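# Residue-level structural notes
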Amino acid sequence: MTILEGAYKVLAKAEEPLNCRKIAERMLADGWQTRGKTLWDTVSARISVDIQEHGAQSRFVRTKRGYYAVNPGAPEADSAETPPIAKPWPVEPGGSDGPGRLSFLDAAEQVLGESGGREPLHYREITQRALERGLIRTQGRTPADTMNASIGEDSKRRKNRGQAPRFVRHGRGMIGLADWTPTGLTARIAEQNAEVRRSVLERARSMPPAEFESLAEQLLIKMGFSNTGVTPLGGDGGIDVRGTLVVGESVRIRMSVQAKRWQANVQRPVVQQVRGSLGTHDQGLIITTSDFSRGAREEATRPDAAPVFLMNGEEFAALLMEHEIGVHREEHHLFTLEEPESEE
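Residues numbered from 1 in each chain as written. Predicted model: local features only at pLDDT ≥ 70, side-chain atom pairs only at ≥ 80, totals over all residues. Heavy atoms only, no water.

To continue, consider the packing of helix α4 (residues 104-113) against helix α6 (residues 143-160). In contact at an axis separation of 9 Å, α4 and α6 are set at 95° when each is read in the N-to-C sense. Considering the angle they form, α4 stands roughly perpendicular to α6. Counted together, Phe104, Leu105 and Ala108 of α4 and Pro143, Thr146, Met147, Ser150, Ile151, Asp154 and Arg157 of α6 form the full contact between these two elements. Among the residues making up the contact of α4 with α6, the classes are represented as 6 nonpolar, 2 polar and 2 charged. (Axes fitted to C-alpha atoms, helices over the stretch in contact; angles between N-to-C directions. Helix = DSSP H or I, 4+ residues; strand = E, 2+ residues; numbered from the N terminus. Parallel < 35°, antiparallel > 145°, perpendicular 65-115°, else oblique. Contact = heavy atoms within 4.5 Å. Nonpolar A, V, L, I, M, F, W, Y, C, P; charged D, E, K, R; others polar.)

This brings us to the sheet that holds strand β3 (residues 67-70). Spatially, the 3 strands line up as an open sheet ordered β1-β3-β2, and their pairing is antiparallel. What marks the edges here is a single partner per strand, and that holds for β1 (18-19) and β2 (60-64). Where β2 meets β3, 4 bridges bridge the pair, whose relative direction is antiparallel. Across the sheet, the residue bridging to Phe60 is Val70, located in β3. The strands touched by helix α3 (residues 39-54) are β2 and β3; relative to β2, the strand with the most contacts, the crossing angle is about 105°. (Pairing = 2+ DSSP bridges.)

Here we take up the sheet that holds strand β9 (residues 251-260). Strand pairing in a sheet takes place through backbone hydrogen bonds and is either antiparallel or parallel in direction. One open sheet holds the 5 strands; their spatial order is β7-β8-β9-β10-β11, and the pairing between them is mixed. The open sheet has two edge strands with one neighbour each: β7 (225-230) and β11 (308-311). This sheet shows a mean twist of 20° between the axes of neighbouring strands, independent of strand direction. Bridge count between β7 and strand β8 (residues 241-247): 4 bridges; the pairing is antiparallel. Each residue of the ladder has a partner; that of Val230, found in β8, is Val241. The strands touched by helix α8 (residues 209-222) are β7, β8, β9, β10 (282-288) and β11; relative to β7, the strand with the most contacts, the crossing angle is about 175°.

With that settled, consider helix α11 (residues 313-322). With 7 of 10 residues buried, α11 is to be regarded as a mostly interior element. Two or three places before Glu314, at the opening of α11, Asn312 has a side-chain oxygen 3.2 Å from that residue's backbone nitrogen. Downstream of α11 by a residue or two, Glu324 has a phi angle that is positive, lying close to 55°. (Buried < 20%, exposed > 50% of the residue type's maximum accessible area, 1.4 Å probe, protein only. Polar contact = N/O pair within 3.5 Å; in protein donor to acceptor, adjacent residues only side chain to side chain.)

Its place among the elements puts Glu202 in helix α7 (residues 185-205). Expressed as a C-alpha distance, the spacing of Glu202 and Ala317, which sit 115 residues apart in the sequence, is 9.4 Å. Within the structure, the side chain of Glu202 is placed 2.7 Å from the side chain of Arg205, a separation counted as a polar contact.

Looking at helix α9 (residues 268-276), one finds that the buried residues are Val270, Val271, Val274 and Arg275. Considered in projection along α9, the buried side chains sweep an arc of 135° and stay on one side of the axis. For α9, exposure combined with an orientation more than 90 degrees from the buried face picks out Pro269 and Gly276. Among the structural elements, β9, β10, α10 (294-300) and β11 are those in contact with the buried residues of α9. (Arc of directions from axis to C-beta.)

Evaluated as defined, the whole model comprises 2 aromatic pairs. Plain terms: the ring middles of Tyr8 and Phe60 are 6.1 Å apart, the flat faces sit at 85° to each other, and that makes the pair edge-to-face. Of this pair, Tyr8 sits in helix α1 (residues 3-13) while Phe60 sits in strand β2, and the two are 52 residues apart along the sequence. Accessibility classification places Tyr8 together with Phe60 in one group, the buried group. (Phe/Tyr/Trp six-rings, centres within 6.5 Å; stacked < 30°, edge-to-face > 60°.)

Moving on to the environment of Pro165. Take Pro165: it is sitting in the loop between α6 and β5 (167-169). The class for Pro165 is partly exposed, based on a relative accessible area of 30%. Separated by 12 residues in the primary sequence, Pro165 and Leu177 have C-alpha atoms spaced 8.5 Å apart.

Printed below as a string of structure tokens:
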């Protein structure tokens, strides 16, 4: 039985969502054997990767930060001992919650795209239409507020990364699609940011190896890692940068990074090399200025092996811009006339 199957079996028996410490404790109580001292950390990594890779088809669903349950609509585990799922669980804002259903953001985009006339809708109307069509499902009491917050967070994240917006707010809760206004100031800003992002990536590709590794370390620091350091050339099994992310007071994630200043896609053997260089409690990350082959992505999430996270060139450049590394963020204030709210 794999770690994912063990976690699935525990969650299927549970009467409520569990955090990964509880999942690991119950796996051990059921007879799971491991030589590692942080089974819960491995469980967390495997479930997170499974959700990231398979989305709505994953057997797991994140109900809130750090807590997981079984996805009631996903294919069941192979084990015949796995009990049926009795109830669905509410999911995190913006998350997909089962096959045939969308995230709040994807549902909003579909509702607006099908509204006709390219007319903005109030976020409450968007939510109501999404619920009526079965695009989303939630047990939360305020789905419209969740929709509004999800759109706001998405817009903020895209702005910080210099990416084109997905939605446009028109005041008084009215929301439209950014694609409806492909010309004008918004489009010019998006075009400028896209050009800067391409330049950031090209600059990284042209750096000397030592400078590129220092850039990767700088990004880790900006993302909250501490105790970072660039390893001596050829002295640490191919690992270029190390760092530790401390979450709360007790969770420590040790990350070993290999930085690839490449034009060609990273292949499966590179992932295998990084995994073979990891310490007992390390997690791996490959940063490349190119992309990853299908074999490399499959190898990175292979069951019963330490997960290796992958960051391609587009993601790397977006994070550099988000954390203002090598770029400068300029703020401008644009005023638009607010339409008076009509009386009903």
